[in-house]
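Observations on the three-dimensional arrangement
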Amino acid sequence: SRSLSLSAFTLSLALSLALRSVRPVKMSVTYNVSVTTGASFMAGSFDRMSITLVGSRGSSAKTRLKRLFKKTYFMPGSTLDFDVSSDVELGEILLVRLHKQKKHFALMEDSWYCSAVTVTRPSCTRYTFPVHSWLTDENTLHVMEGAARRKSQYEGGVLQQHWIDEIKARQEDYQWDSYIPDIPRNIKGNSTADLPKDAQFTVERKVDLLFDLDRLCLQFGFTRNNMFPRKSFFGLEHIHQICSRKSTPTSVYVAKHWKEDPFFGYQYLNGSNPVLIRQCRQLPPNLPLTDQMVAPSLGPDTSLQQQLQAGNLYVVDYEILRGITPHIRDGEQQYLSAPICLLYLTPDRALIPIAIQVDQDPGPHNPIFLPSDPKYTWRLAKIWVRHADTQIHQIVSHLLRTHLLAEVFCVAAMRTLPNAHPLFKLLMPHIKFTLHINTQARKLLISEGGVFDKAFSTGGVAKAQVLQRATERITYTSLCLPEELASRGVDKLPNYYYRDDGLRIWGAISSLVQGVVELYYEDNGSVGRDSELQAFVKEVFTEGFLSRSSSGIPSSLTTKAELVKYLTMAIFSCSGQHCAVNSGQFDFGAWMPNNPCTMRRPPPADKDKVTKHDIWHTLPDTTATTTVLTTIYLLSQTARIEASLGLYTEERFTEPGPRECIERFQSRLKQIKKEIDSRNEGLELPYVYLRPDLIENSVAI
């Protein structure tokens with residue numbers, strides 16, 4: 001029995017020692033991770049990438065994204081699958097952290113553009129993380145799960161800290177600066193290289209949109225020898241030799257019809273600057289026009305007063321140019337005037353000019369020019385009006401009211417709206433690349449010695465003066481197309497295709513915005529409680545509109561209706577409105593006498609002494625003409641990549657609701673295109689500048 005007892009003791013001791021030596025087995029949880037690289041050229045990378053999954057119950061270890069027995073190259077457009085293991089079940093996946101490490105320190109930077117990451121739990125629950133961002137150097141990118149949410153919907157300390165970190169980083173990367181005092185502020189940065197990587201053009205756009213004047217000159221058939229010597233044109237044939245080296249069907253039409261009064265009037269409706277004409281119910285007090293002067297234009301049995309009351313008179317007043325200091329270009333004084341042009345809608349629905357005063361103050365030195373004047377006198381008067389229109393078009397309608405305002409919306413959004421905010425997801429396609437093109441413009445177009453100084457009468461200090469004066473006059477009404485058109489009294493003007501197509505595009509954008517707002521804002525109170533939205537609107541008000549309450553620009557929003565109108569205004573300004581004043585530049589400006597960039601002699605004071613030689617010596621010289629031709633040809637080009645209105649290559653919304661809104665938006669745009677194409681079939685000169693497939697999502701050219 002003693003032997004049995006000893007054996008039992010020995011067995012018990014051995015079992016105890018064996019149990020002590022056994023370590024607990026840890027259960028591993030495996031997550032499937034899919035990583036998609038952007039499709040653009042140079043989006044891929046050979047560098048080492050790692051990922052960390054952050055869940056509601058913990059985080060995974062930092063895991064190298066590496067395929068077994070294969071080289072891991074994140075090829076443009078590719079989707080690679082990886083397994084990521086965790087010692088614990090992470091719960092709901094809240095964030096992913098993407099880490100980048102250079103493969104070889106001696107090699108140059110190999111940035112990586114990640115489009116999206118999806119994570120699938122063992123339970124088959126799938127989480128989508130819209131990234132759409134560059135990972136550079138040896139940095140870490142923090143990306144939140146894709147469901148749109150406002151700050152109040154960030155649950156838990158992890159997400160709340162992520163919000164703080166994201167906004168802090170954004171405000172460090174996107175800082176305000178002032179290029180010119182008293183105009184909308186811009187992003188800080190002297191060159192495009194100073195911009196955050198995400199704000200810079202892709203390689204494709206950089207190649208397409210190089211501001212290389214010499215290269216463009218060669219495309220036009222110019223060289224330094226035959227472009228830069230400054231000399232006057234000596235006739236229409238000489239102008240034709242230069243201005244027709246590149247052409248479009250519209251530019252050919254313009255060269256043929258530019259002298260005709262009905263075409264002069266047509267351009268106020270459907271030209272490159274169709275935003276100035278307004279109904280005239282009372283003659284300007286500084287336009288001393290009489291019935292006798294305009295009787296040949298109005299016809300018998302009528303008067304100015306009768307036509308005013310009938311609503312058939314329209315006016316374009318360039319008073320904003322009054323007193324602006326014209327540029328001295330290479331030592332030669334240039335000239336600038338502030339015309340008033342009165343137009344008449346004839347019984348056969350043609351809009352024709354019937355009186356032009358080339359400057360604001362009436363008197364013997366500033367006569368009223370009439371169609372009954374000698375041919376060259378009337379032609380030169382119209383050229384002075386077209387010259388003034390060119391200045392306002394480029395500086396106010398185009399630069400200020402689309403480019404500079406789009407930059408304000410962009411910087412304000414980047415500083416106040418995090419990636420997850422539904423309005424950031426909505427706005428982002430419409431503000432992408434704007435910072436790059438504007439920074440380039442400040443360096444090459446409106447800088448000291450830039451294109452404006454080389455060619456325009458509003459170069460030098462004049463461009464700043466016009467910008468400052470126009471900024472003072474911007475109103476919220478003038479940015480909201482339906483109200484803007486109503487304020488000008490142009491609802492009954494026939495053949496106003498800019499108005500008709502613009503209202504279609506405005507309505508489509510408004511429907512998209514309303515659909516998204518209804519999804520994420522349950523009532524008016526939720527608009528007022530959205531601190532991120534209110535910060536965005538406030539920043540636009542202070543930095544873009546310089547806290548001018550007289551502008552009517554809201555500094556806060558309190559209802560869903562106000563929010564829909566505001567966002568529609570922002571998106572339309574960045575897309576449809578920009579296209580309307582940008583894409584026709586070369587069409588209507590390639591024939592230089594139609595859109596002269598400068599004038600080299602003062603306006604005529606004697607109607608009877610104007611000759612065709614006066615016109616040639618007043619118009620821009622060959623150098624200014626070729627400089628502008630190459631520039632507007634470049635600026636009129638659309639991007640070769642797909643970026644037209646409503647085509648969102650970056651899928652930022654992950655929920656079905658907003659995706660359905662976008663699909664309805666795209667369907668409506670297709671219908672609008674059909675309507676415009678059908679209308680254009682019967683037109684001698686089709687109007688295409690608001691055709692949806694030709695509108696870019698953002699100000700990117």
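Keep in mind it's a predicted model, so treat the numbers as computed, not measured.

Before going further, it helps to examine the pattern of salt bridges. Two side chains carrying opposite charge are able to pair once their charged atoms lie near each other. In total, this model carries 35 salt bridges according to the counting rule given. For the salt bridge of Arg529 with Asp523, the shortest nitrogen-to-oxygen distance reads 3.6 Å. A salt bridge links Arg691 to Asp677; the shortest N-O distance between them is 3.6 Å. Of this pair, Arg691 sits in the segment after helix H26 (656-680) while Asp677 sits in helix H26, placing them 14 residues apart in sequence. If you follow the salt bridges from partner to partner, you end up with Asp501, Arg504, Arg668, Glu675 and Arg679 in one network.

Looking now at the sheet that holds strand E17 (residues 351-357). Reading across the sheet, the five strands line up as E12-E13-E16-E17-E18 and stay open at both edges, with antiparallel pairing between neighbours. Each having just a single partner strand, strand E12 (278-279) and strand E18 (368-369) make up the two edges of the open sheet. The pairing of strand E16 (residues 340-345) with E17 spans six bridges and is classified as antiparallel. In the sheet register, Tyr344 faces E17, and the bridge partner there is Ile352. The sheet strands contacting helix H9 (residues 291-298) are strand E13 (313-317), E16, E17 and E18, and the helix crosses E17 at an angle near 160 degrees.

At a closest axis distance of 9 Å, the pairing of helix H11 (residues 375-416) and helix H21 (residues 560-574) adopts a crossing angle of 130 degrees. Taken together, the axes of H11 and H21 lie oblique to each other. Judged by the twist between their axes, the crossing of H11 over H21 is left-handed. Across the interface between the two elements, Arg401, Thr402, Ala406 and Phe409 from H11 touch Met569, Ala570, Ser573 and Cys574 from H21. Grouping the amino acids of the contact of H11 with H21 by side-chain chemistry returns five nonpolar, two polar and one charged.

One way to put it is that helix H18 (residues 497-520) packs onto H26 with a least axis distance of 9 Å and a crossing angle of 170 degrees. In this view, H18 runs roughly antiparallel relative to H26, as classed from their interaxial angle. In this structure, H18 contributes Tyr497, Asp501, Arg504, Ile505, Ala508, Ile509, Leu512, Gly515, Val516, Leu519 and Tyr520 to the contact, and H26 contributes Gly657, Pro658, Cys661, Ile662, Phe665, Arg668, Leu669, Ile672, Glu675, Ile676 and Arg679.

Of all eleven residues in helix H13 (residues 434-444), nine are buried; the element is thus mostly enclosed. Along H13, the residues classified as buried are Thr434, Leu435, His436, Ile437, Asn438, Thr439, Gln440, Ala441 and Arg442.

The antiparallel open sheet is built from four strands, whose spatial order is E5-E1-E7-E8. On the outer flanks of this sheet lie strand E5 (79-86) and strand E8 (126-135), each paired with one strand and no other. In this sheet, neighbouring strand axes are inclined to one another by 25 degrees on average, regardless of whether the strands run parallel or antiparallel. Strand direction decides the pairing type here: strand E7 (residues 112-120) and E8, joined by eight bridges, are antiparallel. Paired with Tyr113 across the strands is Trp134, a residue of E8.

Here we come to a positive patch on the surface. Taken together, the side chains of Arg64, Lys66, Lys71 and Lys103 present a region of like positive charge at the surface. With respect to the helices, strands and loops of the structure, Lys66 is situated in the loop between strand E4 (63-64) and E5. Judged by relative accessible area, which is 53%, Lys66 ranks as exposed.

The next point concerns the pairing of E13. The two faces of the sheet receive side chains in turn, since in a regular strand these alternate between them. Of all the five residues making up E13, four are buried; the element is thus mostly covered by neighbouring parts of the structure. Sheet topology places E13 next to E16; five bridges connect them, and they run antiparallel. Bridge assignment links Leu313 to a residue of E16, and that residue is Tyr344.

With that settled, consider the domain arrangement of the protein. The domains assigned to the protein are domain 1 (29-146), domain 2 (228-395 + 583-634) and domain 3 (396-582 + 635-694). Taking the mean C-alpha position of each, domain 1 and domain 2 sit 59 Å from one another.

Our next topic: unusual backbone geometry. Its identity as a non-glycine residue notwithstanding, Phe433 has a phi of 75 degrees, on the positive side. When you line up the elements, Phe433 lands in the loop between helix H12 (422-427) and H13. Of note, the phi angle at Leu546 is positive, near 55 degrees, even though the residue is not glycine.

This part covers the side chain of Ser447. Within the fold, Ser447 resides in the loop between H13 and helix H14 (451-455). When neighbours within four sequence positions are excluded, Ser447 is seen to be in contact with Tyr179, Ala441, Arg442, Asp453 and Lys463.

This next bit is on the pairing of E16. The buried fraction of E16 amounts to six of the six residues, a majority that puts the element mostly inside the structure. Side-chain alternation along E16 places Ile340, Leu342 and Tyr344 on one buried face and Cys341, Leu343 and Leu345 on a second face that is also buried. The antiparallel hairpin formed by E16 and E17 contains five residues in its connecting segment, where Arg349 sits at a positive phi of about 70 degrees.

Quick look at the packing of aromatic side chains now. Summed over all chains, the structure comprises 19 aromatic pairs. Residues Trp506 and Phe572 carry aromatic rings whose centres are separated by 5.5 Å and whose planes lie at 70 degrees to one another, so their mutual orientation is edge-to-face. One end of the pair, Trp506, is in helix H18; the other, Phe572, is in helix H21, with 66 residues separating them in the sequence. The two residues Trp506 and Phe572 agree in class, both being buried. Relative to Tyr689, the ring of Tyr687 lies with its centre 5.3 Å away and its plane at 85 degrees, an arrangement referred to as edge-to-face. Tyr689 matches Tyr687 in its accessibility class, with the two residues each being buried. Here the aromatic cluster, defined as three or more aromatic residues joined through ring pairs, consists of Tyr253, Phe263, Tyr266, Phe588, Tyr687 and Tyr689. When the ring centre of Trp134 is taken as reference, the NZ or CZ atom of Lys197 above it lies at 4.6 Å. When the ring centre of Phe433 is taken as reference, the NZ or CZ atom of Lys432 above it lies at 5.0 Å.

Its place among the elements puts Lys432 in the loop between H12 and H13. A polar contact is formed between the side chain of Lys432 and the side chain of Glu650, at a distance of 3.2 Å. Those residues in contact with Lys432 that lie beyond four places of it in its chain are Tyr113, Asp198, Glu650, Ser698, Val699 and Ala700.

The next point concerns the environment of Pro364. Locating Pro364 in the fold gives a position in the loop between E17 and E18. When its relative accessible area of 77% is taken as the criterion, Pro364 is described as exposed. Separated by 241 residues in the primary sequence, Pro364 and Ala605 have C-alpha atoms spaced 7.3 Å apart.

Cut-offs and rules
- Residues numbered from 1 in each chain as written.
- Predicted model: local features only at pLDDT ≥ 70, side-chain atom pairs only at ≥ 80, totals over all residues.
- Heavy atoms only, no water.
- Salt bridge = Lys/Arg side-chain N within 4 Å of Asp/Glu carboxyl O.
- Helix = DSSP H or I, 4+ residues; strand = E, 2+ residues; numbered from the N terminus.
- Pairing = 2+ DSSP bridges.
- Contact = heavy atoms within 4.5 Å.
- Axes fitted to C-alpha atoms, helices over the stretch in contact; angles between N-to-C directions.
- Parallel < 35°, antiparallel > 145°, perpendicular 65-115°, else oblique.
- Left-handed = near helix turned anticlockwise from the far one by under 90°.
- Nonpolar A, V, L, I, M, F, W, Y, C, P; charged D, E, K, R; others polar.
- Buried < 20%, exposed > 50% of the residue type's maximum accessible area, 1.4 Å probe, protein only.
- Patch = residues over 30% accessible without salt bridge, like charges linked within 9 Å, V, L, I, M, F, W, Y side chains within 5 Å.
- Areas by Shrake-Rupley, 256 points an atom, 1.4 Å probe, with all protein chains shown as cover.
- Lys, Arg positive; Asp, Glu negative; His and termini not counted.
- Charge placed at Lys NZ, Arg CZ, Asp CG, Glu CD.
- Domains from an automatic or database assignment.
- Phe/Tyr/Trp six-rings, centres within 6.5 Å; stacked < 30°, edge-to-face > 60°.
- Lys NZ or Arg CZ within 6 Å of the ring centre and 35° of its normal.
- Polar contact = N/O pair within 3.5 Å; in protein donor to acceptor, adjacent residues only side chain to side chain.

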